[in-house]
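# Reading the structure
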Amino acid sequence: KESGKQQLIIAAYAKALETIPRQLCENAGFDSIDILNRLRHKHATAADGCWYGVDIDEEGICDTMERGVWEPVSSKLNSFSSATEA
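Residues numbered from 1 in each chain as written. Predicted model: local features only at pLDDT ≥ 70, side-chain atom pairs only at ≥ 80, totals over all residues. Heavy atoms only, no water.

### Considering the overall build of the protein
The line we're drawing: Secondary structure elements follow DSSP: runs of H or I no shorter than four residues count as helices, runs of E no shorter than two count as strands, and numbering proceeds from the N terminus. Only protein chains enter the accessibility calculation, which uses a 1.4 Å probe; a residue whose area is less than 20% of its type maximum is buried, one above 50% is exposed, and one in between is partly exposed. Any pair of residues with heavy atoms lying within 4.5 Å of one another is described as a contacting pair. Per-residue and other accessible areas follow the Shrake-Rupley method at a 1.4 Å probe size, with only the shown protein chains counted as cover for residues. All tallies of charge rest on Lys and Arg as positive and Asp and Glu as negative; His and the ends of each chain are not included. The location of each charge is read from NZ of Lys, CZ of Arg, CG of Asp or CD of Glu.
For the protein, the count of helices and strands is 5 helices and 2 strands. Traced from its N-terminal end to its C-terminal end, the protein shows the element sequence α-α-α-β-β-α-α. Taken over the C-alpha atoms alone, the protein extends approximately 40 × 30 × 25 Å along its principal axes. Here the protein holds 86 residues, and 20% of them are scored as buried. For the protein, the proportion of contacts with a sequence separation of at least 24, taken over those separated by at least 6, is 25%. Accessible surface, the protein: about 6,700 Å² in total, of which carbon and sulfur atoms supply 56%. When the 9 positive and 14 negative side-chain charges of the protein are each reduced to one mean point, those points stand 8 Å apart.

### Considerations on the pattern of salt bridges
Convention followed: Throughout this description, the term salt bridge denotes a Lys or Arg side-chain nitrogen within 4 Å of a carboxyl oxygen of Asp or Glu.
Scanning the model with the defined rule gives 5 salt bridges in all. For R38, the salt bridge goes to D34, with nearest N and O atoms at 2.9 Å. Of the two residues, R38 and D34 are both situated in helix 3 (residues 32-45); the distance of 4 residues between them amounts to about one turn of the helix. Salt bridges sharing partners connect three or more residues here, namely E18, R22 and R40.

### Regarding a nonpolar patch on the surface
Basically, it comes down to this: The patch calculation keeps residues exceeding 30% relative accessible area without a salt bridge and links them within 9 Å when they carry like charges or within 5 Å when they are nonpolar (Val, Leu, Ile, Met, Phe, Trp, Tyr).
Among the surface-exposed residues, I20, L24 and I56 lie close enough to one another that they form a single nonpolar patch of about 300 Å² accessible area. With respect to the helices and strands, the residue I56 is situated in the loop between strand 1 (52-55) and strand 2 (60-63). Residue I56 is classed as exposed on the basis of its relative accessible area of 51%.

### Some details on the packing of helix 2 (residues 19-28) against helix 3
Quick reminder of the rule: Between the N-to-C directions of two axes lies an angle of 0 to 180 degrees, each axis being a line fitted to C-alpha atoms and, for a helix, fitted only over the stretch in contact. Should an angle fall under 35 degrees it is called roughly parallel, over 145 degrees roughly antiparallel, and 65 to 115 degrees roughly perpendicular, with every other angle called oblique. By definition, any crossing whose near helix is turned counterclockwise from its far helix by less than a right angle is left-handed, and any crossing with a clockwise turn is right-handed. Three residue categories are used. Nonpolar comprises Ala, Val, Leu, Ile, Met, Phe, Trp, Tyr, Cys and Pro, charged comprises Asp, Glu, Lys and Arg, and polar comprises the others, including Gly.
The contact between helix 2 and helix 3 brings their axes to 9 Å, and the two run at 140°. Relative to helix 3, the element helix 2 is oriented oblique. Between helix 2 and helix 3 the crossing geometry is right-handed. Facing P21, R22, C25 and E26 of helix 2, the residues of helix 3 in contact are S32, I35, L36, L39 and R40. Among the residues forming the contact of helix 2 with helix 3, the class breakdown is 5 nonpolar, 1 polar and 3 charged.

### Digging into the packing of aromatic side chains
The description of two aromatic rings rests on the distance between their centres and on the angle between their planes. Stated formally: Classification of ring pairs uses Phe, Tyr and Trp, with its six-membered ring standing for Trp, and accepts pairs whose centres are within 6.5 Å; under 30 degrees between planes counts as stacked, over 60 as edge-to-face, and the remaining range as tilted. Here, a charge over a ring means that NZ of Lys or CZ of Arg falls within 6 Å of the ring centre while also lying within 35 degrees of the ring normal.
Counting across every chain of the model gives 0 aromatic pairs. Across the ring face of Y52, the terminal group of K42 is positioned such that the distance to the ring centre comes to 4.7 Å.

### Things to note about the pairing of strand 2
We apply this condition: Note on pairing: DSSP must find at least two bridges between two strands before they are called paired.
Pairing of strand 1 with strand 2, which is carried by 4 bridges, proceeds in the antiparallel orientation. What sits directly across from Y52, in strand 2, is D63. With antiparallel pairing between neighbouring strands as the criterion, strand 1 and strand 2 make up a hairpin whose turn holds 4 residues, including E59 at a positive phi of roughly 55°.

What follows is the structure in structure tokens.
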């Protein structure tokens, strides 16, 4: 557990990282609150939970690695670097 300013920074990053799945849900006309809650639960409890994301075909969550949905790590590193500099 972190405290003070570090906790605020971590919370801000977490909120920013939820922007993409939330926007996917809203663009698809899904209940973003329900799907994000299921996604958070899967990430927190399942050993393979880190691979789960929004399933726009079935209006839920799915194993994105199994579905072949990959995101280049260079893109994420660039996003983190830019966000940290700001």
